[in-house]
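Structure at a glance
Below are the chains, spelled out letter by letter.
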Amino acid sequence: AFTNARDEDAPDELWWVEHDPVFTQGQAGKEEHLLMPGDIPVVKVDRGGQVTYHGPGQIVGYPMINLKRLGVGVRDFVTVIETSIIESLAVVGIVAYARADAPGVYVAKPEGGHLKLGSLGIRVRRGCSYHGLSLNVKMDLSPFLRINPCGYEGLEMTQVADLVDADTLSDFSRLQALIQASLITHLGFDDISSVSKPTDILQEKTA
């Protein structure tokens, strides 16, 4: 609704939320990747990608960006999001990386292979992005066992809390602020304001 209602002059927005437990299935999502959702609702959405899980203890960000106005391509935008998460994790001592074959943010398993802790799925319409990113911080990871995360059978998930000590993770909002600052820098924004309830703005613009 926000993307449909905005005009060429509308400022870009970055929404931060924390969802109740929910599986979201992308527009090309295959039912076979929903193994046993059980009592967790499944919501079909129009982003790219397959199925993922959102829940308490996970940072979820929705960059509502006019990419056309910024002159940023979709692939470059995905790289910006991945880079912003990776840079923010480095500040708390986590060495993470992106993969060319599978969007998202990963850490290496000691025995070889990858563990995923950051996911992304976007949609671009009218030159503007919506949907976005998620980072597992301190949450119940067991719902990921009910799906093939992002459509990859056997993909193992991890979270920040399992990779750093408790003192490092004492402030949940720190990582969110780091990611936001990195996104703002990489996208070149210099006129920033904050509101506590972005839905209020949405309601005003679509009323």
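Summarised in this report is the structure supplied together with it. (Residues numbered from 1 in each chain as written. Predicted model: local features only at pLDDT ≥ 70, side-chain atom pairs only at ≥ 80, totals over all residues. Heavy atoms only, no water.)

**Overview of the overall build of the protein chain**
For the record, the criterion: Note on conventions: DSSP H or I runs of at least 4 residues are helices, E runs of at least 2 residues are strands, and numbering of each starts at the N terminus. Every radius of gyration here is taken over C-alpha atoms, with the globule rule written as 2.2 Å times N^0.38, N being the number of residues. Note on classification: 1.4 Å probe, protein chains only; a residue is buried when its accessible area is under 20% of the maximum for its type, exposed when over 50%, partly exposed between these limits. In this description, contact between two residues means that some pair of their heavy atoms is separated by no more than 4.5 Å. Residue burial considers only the protein chains on display, and all accessible areas are found by Shrake-Rupley using a 1.4 Å probe. For the purpose of counting charges, residues Lys and Arg are taken to be positive, whereas Asp and Glu are taken to be negative. His and the chain ends are not included. Charge placement uses NZ in Lys and CZ in Arg. For Asp and Glu, CG and CD serve respectively.
Regarding its fold elements, the protein chain presents five helices and ten strands. In terms of C-alpha radius of gyration, the protein chain reaches 17 Å, essentially the compact-globule figure of 17 Å for 207 residues. Dimensions of the protein chain along its principal axes, counting C-alpha atoms only, are 50 × 40 × 30 Å. Burial status across the protein chain gives 45% buried among its 207 residues. Residue pairs at least 24 apart in sequence account for 65% of intrachain contacts in the protein chain once pairs closer than 6 positions are excluded. As presented, the protein chain carries roughly 10600 Å² of accessible surface, and 52% of it is formed by carbon and sulfur atoms. Computing the positive centroid from 18 side-chain charges and the negative centroid from 27, the protein chain places the two 6 Å apart.

**Here we look at the packing of aromatic side chains**
One pair of aromatic rings is described through two measures. These are the centre distance and the angle between the planes. Put simply, the test is: Only centres within 6.5 Å qualify two rings of Phe, Tyr or Trp (six-membered ring in Trp) as a pair; their planes then separate them into stacked at under 30 degrees, edge-to-face at over 60, and tilted for everything else. Two limits define a charge over a ring: the Lys NZ or Arg CZ must be within 6 Å of the ring centre, and within 35 degrees of the ring normal.
Scanning the model with the defined rule gives four aromatic pairs in all. In this structure, Arg99 is placed above the aromatic ring of Tyr106, and the distance from its NZ or CZ to the ring centre is 4.9 Å.

**Re the nonpolar core**
Short version of the rule: What makes a nonpolar core is a set of buried Ala, Val, Leu, Ile, Met, Phe, Trp, Tyr and Cys residues whose side-chain atoms join them at distances within 4.5 Å.
Core analysis: the biggest nonpolar cluster contains 29 residues, and Ile81, Ile85, Leu89, Ile94, Leu135, Val160 and Leu175 have the highest contact counts within it. Going through the elements one at a time, helix 3 (74–91), strand 7 (102–108), strand 8 (114–125), strand 9 (128–136) and helix 4 (172–187) are the ones with two or more residues in this core. By size, the runner-up hydrophobic cluster in this structure holds 13 residues, among which are Tyr106, Met139, Phe144 and Ile147.

**Re the environment of Gly132**
Mapped onto the fold, Gly132 is located in strand 9. For the pair formed by Gly132 and Arg47, sequence separation is 85 residues and the distance between their alpha carbons is 8.6 Å.

**Observations concerning helix 4**
Basically, it comes down to this: The span you would expect from a helix comes to 1.5 Å times its residue count less one.
Given a rise of 1.5 Å per residue, 16 residues ought to cover 22 Å, and the 24 Å separating the end C-alpha atoms of helix 4 matches this to within 8%. Those residues of helix 4 not exposed but buried are Leu175, Ile179, Ser182, Leu183, Ile184 and Leu187. On the buried face of helix 4, the contacting elements are strand 1 (13–17), strand 5 (58–64), helix 2 (67–70), helix 3 and strand 9. Looking one or two residues past helix 4, Gly188 carries a phi angle of roughly 80°, positive in sign.

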